[in-house]
Amino acid sequence: MKVGICSLGCKVNIYEAEYVTNLLKENGYIIVDFEEKADIYIINTCSVTNESDKKSRKMINRAKRNNKDAIIIVMGCYSQVSPEEITGDIILGNKDKSKIIEIIEEYQKTKKSKKIIHDLTKVEFEKMEITKFENHTRAFVKIQDGCNAFCSYCIIPYARGRVRSKSPSDVINEVTKLVNEGYKEIVLTGIHTGRYGIDINTKLEELLYELVKIPGIYRIRLSSIEINEITPKIIKLIKESNVMAKHLHIPLQSGSNKILKLMNRRYTKEEFISMVDNLKEIEDISLTTDLIVGFPGEAEEEFNETIETLGTIGFTKIHTFPYSKRKGTPAASMDGEVSPEIKKERVRKVLELSNNSELKFYKNNIGKVYDGVVEIHLSGETLVHTSNFIPVVINDNNVNNNDIVKVKIIEIKNNKVYGKIVK
């Protein structure tokens, strides 16, 4: 049978969709492009905003148009939080994706629609392992699921349940297999990665110290981590180990203490700045962030405070999002709504700041030599991502995908970084 798979949202979703893809292939299913006519369509949904829900519905409808007789399987975060809004043959939340084969086979026998939604406050980590990551030079490894933080704007603790972690031995085995398969860079991902291990009496720092010892491992990258979860031991490891990427993505969300409190973020801007000062002791470190503008109650004063905080921190890049009301969250009923026009203007200002910061960071790296993994894209462009996540374009036909090379950064042109391979 032919299966078309569409995955929306975060790196955890990408990992889980890849796992399901591998499972289907191992059991004789043929994976086709989602736009092709297929016997089964699987939509791995996102629900982080109302827009994400809308996009999920759009992909479900597209699958139905592609083949009205196909089996429609909808799984993931939107299925978990709003199963009553979804039409499909199989509605699967954020548990039992590992049982997808038996779920499909049972449906084929009974032809009965099914909703499989578990209470995620009472489940253990669902075991998944990937040994191949198609069309990627870097492989994701999901080490953790769930979130206990309950930021006031976020639906994810309801969509993903409480923190639960993959056992250290399972993570080490999975990473070892991927390294042996030739993957040079491993990206550790989770819903709240920095809280890895709190449920199984271990810590992220302990896992990292074991992973860097794996024979043949080239690079480990953390997908995202909260500022108050970066321990002195993690900083020491990033400083001293060539395996740890010199790049951290640390969500700030707001640079105003008033808004941080309303958001239920667990730090002040002063604490954030102080921690960043410690991180900047790491040579060549690059720090990127997420920021929400136009949160309820964010007046001009709070936005200006945020701009000032961003200027003090000096992120390499700022991923900026206008606040989007998410039903089911405390922020959805807060006073002080900000108009769409003001949000748009604030996004523009932050993007301008981000672009200037990124350009400055790139210019400061001209003349430096870094090593990285070659990625030959379908467009024909050849890139090398450095440890501190600079995408360096190289014009060299003598390299292959996944080669490790040294590149010297030569120039910045049209906001792109260009370099050449050096011996």
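Relevant structure appears above.
Residues numbered from 1 in each chain as written. Predicted model: local features only at pLDDT ≥ 70, side-chain atom pairs only at ≥ 80, totals over all residues. Heavy atoms only, no water.

**Notes on the sheet that holds strand 14 (residues 317-322)**
So, step 1. Overall, parallel pairing links the three strands, which are arranged 12-13-14 in an open sheet. Every other strand in the sheet has two partners, leaving strand 12 (247-249) and strand 14 as the edge strands with one partner each. If you compare each strand with its neighbour and ignore which way they point, the axes differ by 15° on average.
So, step 2. Two elements, strand 12 and strand 13 (residues 286-293), share three bridges in a ladder whose sense is parallel. Bridge pairing links His249 to Thr288 in strand 13. (Pairing = 2+ DSSP bridges. Helix = DSSP H or I, 4+ residues; strand = E, 2+ residues; numbered from the N terminus. Axes fitted to C-alpha atoms, helices over the stretch in contact; angles between N-to-C directions.)

**Some remarks on the nonpolar core**
So, step 1. Within the largest apolar cluster, 78 residues are counted, with the highest numbers of intra-cluster contacts made by Ile42 and Ile230.
So, step 2. For Ile42, the residues in contact, after removing those within four places along its chain, are Val3, Gly4, Ile5, Cys6, Val20, Leu24, Phe34, Ile73, Met75 and Ile100.
So, step 3. With 17 residues, the next largest nonpolar core counts Cys6, Ala38, Ile43 and Ile60 among its residues. (Core = buried A, V, L, I, M, F, W, Y, C linked by side-chain atoms within 4.5 Å. Buried < 20%, exposed > 50% of the residue type's maximum accessible area, 1.4 Å probe, protein only. Contact = heavy atoms within 4.5 Å.)

**Here we look at unusual backbone geometry**
So, step 1. Located in the positive-phi region is Lys111, a residue other than glycine, with phi close to 60°.
So, step 2. On the secondary structure map, Lys111 appears in the loop between helix 4 (100-110) and strand 6 (114-116).

**A closer look at the pattern of salt bridges**
So, step 1. Within the structure shown, the criterion is met by 39 salt bridges.
So, step 2. Ionic pairing is found between Lys122 and Asp119, a salt bridge with its closest N-O pair at 3.6 Å.
So, step 3. Residue class for Lys122 comes out exposed when judged on its relative accessible area of 70%.
So, step 4. Using a relative accessible area of 40% as the deciding quantity, one classes Asp119 as partly exposed.
So, step 5. Glu300 is paired through a salt bridge with Arg346; the nearest N and O atoms lie 3.3 Å apart. Linking Glu300 in helix 11 (residues 300-313) with Arg346 in helix 12 (residues 340-364), this pair joins segments that are 46 residues apart in sequence.
So, step 6. For Glu300, a relative accessible area of 41% translates into the label partly exposed. (Salt bridge = Lys/Arg side-chain N within 4 Å of Asp/Glu carboxyl O.)

**What about the side chain of Ser256?**
So, step 1. Its location among the elements puts Ser256 in the loop between strand 12 and helix 9 (257-262).
So, step 2. With residues near it in sequence (within four places) discarded, Ser256 still touches Glu302, Glu305 and Thr306.

**What to know about the packing of helix 10 (residues 269-279) against helix 11**
So, step 1. The interhelical angle for the contact between helix 10 and helix 11, taken along N-to-C directions, is 15°, at an axis separation of 10 Å. By the criterion of interaxial angle, the relationship of helix 10 to helix 11 is roughly parallel. At the point where helix 10 passes helix 11, the crossing takes the right-handed sense. Contacts between helix 10 and helix 11 involve Lys269, Phe272, Ile273 and Val276 from the first element and Glu305, Thr309, Thr312 and Ile313 from the second. (Parallel < 35°, antiparallel > 145°, perpendicular 65-115°, else oblique. Left-handed = near helix turned anticlockwise from the far one by under 90°.)

**Quick word on helix 11**
Given 3.6 residues per helical turn, the α-helix brings residues three or four places apart onto the same face.
So, step 1. Its 14 residues place the ends of helix 11 20 Å apart at the C-alpha level, agreeing with the 20 Å of an ideal helix rising 1.5 Å per residue.
So, step 2. By the burial criterion, the buried members of helix 11 are Glu302, Phe303, Glu305, Thr306, Thr309, Leu310 and Ile313. All buried residues of helix 11 fall inside an arc of 155° around its axis, so they share one side. For helix 11, the exposed residues set more than 90 degrees away from the buried face come down to Glu301, Glu308 and Gly311.
So, step 3. Close packing links the buried residues of helix 11 with helix 9, helix 10, strand 13, strand 14 and helix 12.
So, step 4. Downstream of helix 11 by one or two residues, Gly314 has phi in the positive range, about 70°. (Expected span 1.5 Å × (residues − 1). Arc of directions from axis to C-beta.)

**So, the sheet that holds strand 5 (residues 90-92)**
So, step 1. Read across the sheet, six strands follow the order 2-1-3-4-5-6 without closing on themselves; strand pairing throughout is parallel. Whereas interior strands pair on both sides, the edge strands pair on one side only; in this sheet they are strand 2 (30-32) and strand 6. For this sheet, the mean inter-axis angle between neighbouring strands, taken without regard to orientation, is 20°.
So, step 2. Both strand 4 (residues 71-76) and strand 5 contribute to a ladder of three bridges, which runs parallel. Of the residues in strand 5, the one forming a bridge with Ile73 is Ile90.

**Let's talk about the pairing of strand 7 (residues 138-142)**
So, step 1. Of all five residues in strand 7, five are buried, a share of seventy percent or more.
So, step 2. Alternating positions in strand 7 separate into two faces, Arg138, Phe140 and Lys142 on one and Ala139 and Val141 on the other, with burial throughout.
So, step 3. In terms of strand pairing, strand 7 meets strand 10 (residues 185-189) through five bridges, oriented parallel. Following the sheet pairing, Ala139 is matched in strand 10 by Ile186.

**Points about the packing of aromatic side chains**
So, step 1. In the structure shown here, the tally under the stated rule is eight aromatic pairs.
So, step 2. Relative to Phe295, the ring of Tyr153 has its centre 6.3 Å away and its plane inclined at 85°; by these criteria the two rings are edge-to-face. With Tyr153 in the loop between strand 8 (144-145) and helix 5 (156-160) and Phe295 in the loop between strand 13 and helix 11, this residue pair connects regions lying 142 residues apart in the sequence. Summarising the burial analysis for this pair, Tyr153 and Phe295 share the class buried.
So, step 3. For the ring pair Phe295 and Tyr323, a centre distance of 5.2 Å and an interplane angle of 70° mean the geometry is edge-to-face. Here Phe295 is found in the loop between strand 13 and helix 11, whereas its partner Tyr323 is found in the loop between strand 14 and helix 12, with 28 residues between them in sequence. Considered together, Phe295 and Tyr323 belong to a single accessibility category, that of buried residues. (Phe/Tyr/Trp six-rings, centres within 6.5 Å; stacked < 30°, edge-to-face > 60°.)

**Points about the packing of helix 11 against helix 12**
So, step 1. Relative to each other, helix 11 and helix 12 sit at 10°, their axes nearing to 11 Å. By the criterion of interaxial angle, the relationship of helix 11 to helix 12 is roughly parallel. Of the residues in helix 12, those touching helix 11 at Glu300, Phe303, Ile307 and Leu310 are Arg346, Lys349, Val350 and Leu353.
So, step 2. For the contact of helix 11 with helix 12, the residue count by class is five nonpolar, no polar and three charged. (Nonpolar A, V, L, I, M, F, W, Y, C, P; charged D, E, K, R; others polar.)

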